[in-house]
Amino acid sequence: MEKQTYSRRFFLTTSSLLATFAFIPESVKAFYSNVKKLVIRPKEELRFLVTINKKKYRINADSRTTLLDLVREQLQLTGTKKGCDHGQCGACTVHVDGQRVLSCLTLAAMVQDKNVTTIEGLADGDKLHPMQQAFIECDGFQCGYCTPGQIMSAVACVNEGHTGSVEEIKEFMSGNLCRCGAYNGIVESIQKVAR
Amino acid sequence: MRPFTLSKPSTISQAVSGKNEAVRYIAGGTNLLDLMKKHISEPDALLDVTTLLSDTVQSAPKGIRIGAMVRNSVAASNSDIRSGFPLVAKAILAGASPQIRNMASMGGNLLQRTRCPYFYDITMPCNKRKPGSGCGAKDGENRMSAVVGYSEHCVAVHPSDLCIALAALDASVIVTGKDQKAIAIPFKDFHRLPGSTPEKDNNLPENAIITSIDIPANAFNKNYAYLKVRDRDSYAFALVSVAAALQLDGLRIREARLASGGVAHKPWRWYEAEQFLKGKEATQATFSQAADIVIKEIKPLSNNGFKLPMLKGAIEVALQNCLTA
Ligand SMILES: Cc1cc2nc3c(=O)[nH]c(=O)nc-3n(C[C@H](O)[C@H](O)[C@H](O)COP(=O)(O)OP(=O)(O)OC[C@H]3O[C@@H](n4cnc5c(N)ncnc54)[C@H](O)[C@@H]3O)c2cc1C
Ligand code: SF4
Ligand code: FES
Ligand code: FES
């Protein structure tokens, strides 16, 4: 096997280049970072308070952070799922002031002063929410990925009173897709709780 | 997304003076954030108008005023809208999903952008997104595209359901511009045809803000229908949709309104068919003749010829449904 060797010339050129970089005056570096700022916008850090599952959090986040990324990535509330990130699947459904919304299309900084509930906030200590219990009893899920969103939506569907018929339930649950096709169990769960 | 600043103007005048080409208002965010994630819209700054604009519905004898920040779901369940303007509630409920309707504002709904697949894919040519780059849909994937009022530069359709009802009911859009003056724009002039400038969806003055939507009092609250035909039963944009409303004297049609979504760059009124229906008897035969007048106007593209029989059927059924509403 050939042994890797470095020539004297290679050593001299690289080390002098490195030395030159190290001695670039601060002013030049500052100029470079200013030019960079012109080309690439610096991120905007925001500080705000949010209330999630009755708990207050002091947040320090990029203005671009969605409510979904905030709960999952910063607060480790990973029950809420990211399906499409574009409003097309309902996996990220949470409640804001009691209304079901999509957390992937909500900016985290826009829910200050509001009460957010995620799937983690539904149970009462060790006691499951009736809808969670119903999903277990009625086979309301298979792989479980869409389930937190389904349950948040189902709770809202009952609260809104859209449970008059199977058709009505289906229409008002149409914002939550299930790739496993657990729809019949989901409808049954909702009927069970609505009764 | 590109980084942006986020602020909350406290007056309308502050909002319009802080607005320029690189700044966007954000209401429900359901369209804007989607477009920002896809790098189709890249504002430097967002102005949060959620607490600035009215979120109330005011009813008066001459009509109703719906605040721009009223959420779509709130409008659809508002009792004054349901009794006086039920076509509006129907159209809203045919759109999007309960979660999105809880977020979407009335003002934002008017300004949502097309769902043309080329517009949404930044690697594709699209005159609306990048003027001069060409129209991918014209000779490409255009089954969802327009059948009337399009140009060689753009064949996209406006995706809103709400707007079809507002067009049928001659609503107007109240806006405040840079000059701080409030003006009313008639709904038929609010959205525009693509012509050679498809990058402009509407005639909202540059940087102006929508403050409310007015609908004049009318007698179209008894015999009305909103019919939406789509690829799946719910949570999909329209292939074609029809808003129909009749004022009847017994069986005689005193006044008719007929508008469609999924057919043009703007909510489309079928004026000629409306004129034809006036004074006729409300029968299956009359409705069928009205539908024939409608389809005379349309010119399908390479992949959406199916919209012709679909539209004919939808118009007939919607008019028929007005009688049983
Ligand atoms: C998966 C999905 C499915 C959908 N299906 C349907 C459907 O079937 N039918 C349908 O009709 N719609 C549908 N929609 C679209 C939805 O209705 C719109 O996204 C919504 O109405 C936009 O309102 P918003 O308040 O969220 O607007 P935003 O996203 O906040 O704003 C949209 C635009 O309007 C501007 N804007 C907002 N408010 C004002 C104001 N007051 N004055 C001036 N400018 C303003 C913003 O700057 C932005 O450019 C769907 C959306 C999604 C994501
Ligand atoms: S139809 Fe309009 S939106 Fe679609 S590709 Fe052509 S120019 Fe773009
Ligand atoms: S992740 Fe929000 S709707 Fe799919
Ligand atoms: S249970 Fe698997 S996606 Fe719904």
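Above this text sits the structure in question.
Keep in mind that what you see is a predicted model, and the values were worked out from it rather than measured.

Participant: Can you explain the pattern of salt bridges? Please cite residues and give values.
Facilitator: Under the counting rule described, the total for this entry stands at 25 salt bridges over all chains. With a closest N to O distance of 3.7 Å, Arg41(A) and Asp44(B) form a salt bridge. With Arg41(A) in the loop between helix H2 (26-39) and strand E1 (45-52) and Asp44(B) in the loop between helix H2 (32-37) and strand E3 (45-48), this pair bridges two chains. Under the relative-accessibility criterion, Arg41(A) is labelled partly exposed at 25%. With its nearest N and O atoms 3.4 Å apart, the salt bridge here joins Arg252(B) to Glu281(B). On the criterion of sequence distance, the pair formed by Arg252(B) in strand E11 (residues 252-261) and Glu281(B) in the loop between helix H11 (271-277) and helix H12 (284-296) is long-range, its members being 29 residues apart.

Participant: I'd love a proper account of the sheet that holds E11(B), names of residues and values included.
Facilitator: Residues and elements named next belong to chain B. Strand order in the open sheet made by the four strands is E9-E10-E11-E12, with antiparallel pairing throughout. The open sheet has two edge strands, strand E9 (223-229) and strand E12 (268-269), and neither has a second partner. Contacts from helix H5 (residues 86-93) reach E9 and strand E10 (240-249), with the element oriented near 15° to E9. The sheet contacts of helix H13 (residues 307-324) involve E9, E10 and E11, and relative to E10 the element is tilted by about 35°.

Participant: Help me get a handle on the site of ligand 2, residues and values and all.
Facilitator: All names here are of chain B. Among the 13 residues in the neighbourhood of ligand 2, the closest are listed as Cys116, Cys126, Cys135, Cys154 and Val155. Here ligand 2 is seated within the largest cavity. Tallied by class, residues from the shell around ligand 2 come to nine nonpolar, three polar and one charged.

Participant: Explain the packing of aromatic side chains residue by residue, including any values.
Facilitator: All names here are of chain B. Inspection of every chain in the model, using the stated rule, returns three aromatic pairs over all chains. When the ring of Phe187 is compared with that of Phe190, the centres are 6.3 Å apart and the planes differ by 25°; the resulting orientation is stacked. Taken together, the positions of Phe187 and Phe190, both in helix H10 (residues 187-190) and three residues apart, correspond to about one turn of that helix. Judged by its relative accessible area of 3%, Phe187 is buried. Since its relative accessible area comes to 0%, Phe190 is described here as buried. With a centroid separation of 6.4 Å and an interplanar angle of 65°, the aromatic rings of Trp268 and Trp270 are classed as edge-to-face. Here the two residues Trp268 and Trp270 agree in accessibility, since each one is buried. Directly above the ring of Tyr25 sits Lys19, whose terminal nitrogen or CZ lies 5.6 Å from the centroid. The lysine or arginine in question, Lys280, covers the ring of Phe276, its NZ or CZ lying 4.2 Å from the ring centre.

Participant: Before we move on, could you go through empty space enclosed by the protein and cite the residues and values that matter?
Facilitator: Residue and element names in this part refer to chain B. On inspection of all chains with the given rule, the structure shows three cavities of 30 Å³ or more. Roughly 70 Å³ of internal volume is contained in the largest cavity. The residue inventory of the lining of the largest cavity, partitioned by class, reads ten nonpolar, four polar and one charged. The calculated volume of the second largest cavity comes to roughly 40 Å³. As for the second largest cavity, its lining consists of Arg113, Thr114, Lys128, Val157, His158, Pro159, Asp201 and His265. Classifying every residue of the lining of the second largest cavity by side-chain character gives two nonpolar, three polar and three charged.

About the thresholds
- Residues numbered from 1 in each chain as written.
- Chains lettered and ligands numbered in written order.
- Predicted model: local features only at pLDDT ≥ 70, side-chain atom pairs only at ≥ 80, totals over all residues.
- Heavy atoms only, no water.
- Salt bridge = Lys/Arg side-chain N within 4 Å of Asp/Glu carboxyl O.
- Helix = DSSP H or I, 4+ residues; strand = E, 2+ residues; numbered from the N terminus.
- Buried < 20%, exposed > 50% of the residue type's maximum accessible area, 1.4 Å probe, protein only.
- Pairing = 2+ DSSP bridges.
- Contact = heavy atoms within 4.5 Å.
- Axes fitted to C-alpha atoms, helices over the stretch in contact; angles between N-to-C directions.
- Near = heavy atom within 4 Å.
- 1 Å grid on protein atoms, 1.4 Å probe; cavity = no way out; pocket = protein on both sides within 12 Å on 5 of 7 lines; lining within 4 Å.
- Sits in = over half its atoms within 2 Å of the grid points.
- Nonpolar A, V, L, I, M, F, W, Y, C, P; charged D, E, K, R; others polar.
- Phe/Tyr/Trp six-rings, centres within 6.5 Å; stacked < 30°, edge-to-face > 60°.
- Lys NZ or Arg CZ within 6 Å of the ring centre and 35° of its normal.
- Points joined across faces, edges and corners; volume = space filled by probe spheres on them.

So far we have only geometry, and geometry alone does not tell us how the molecule works.
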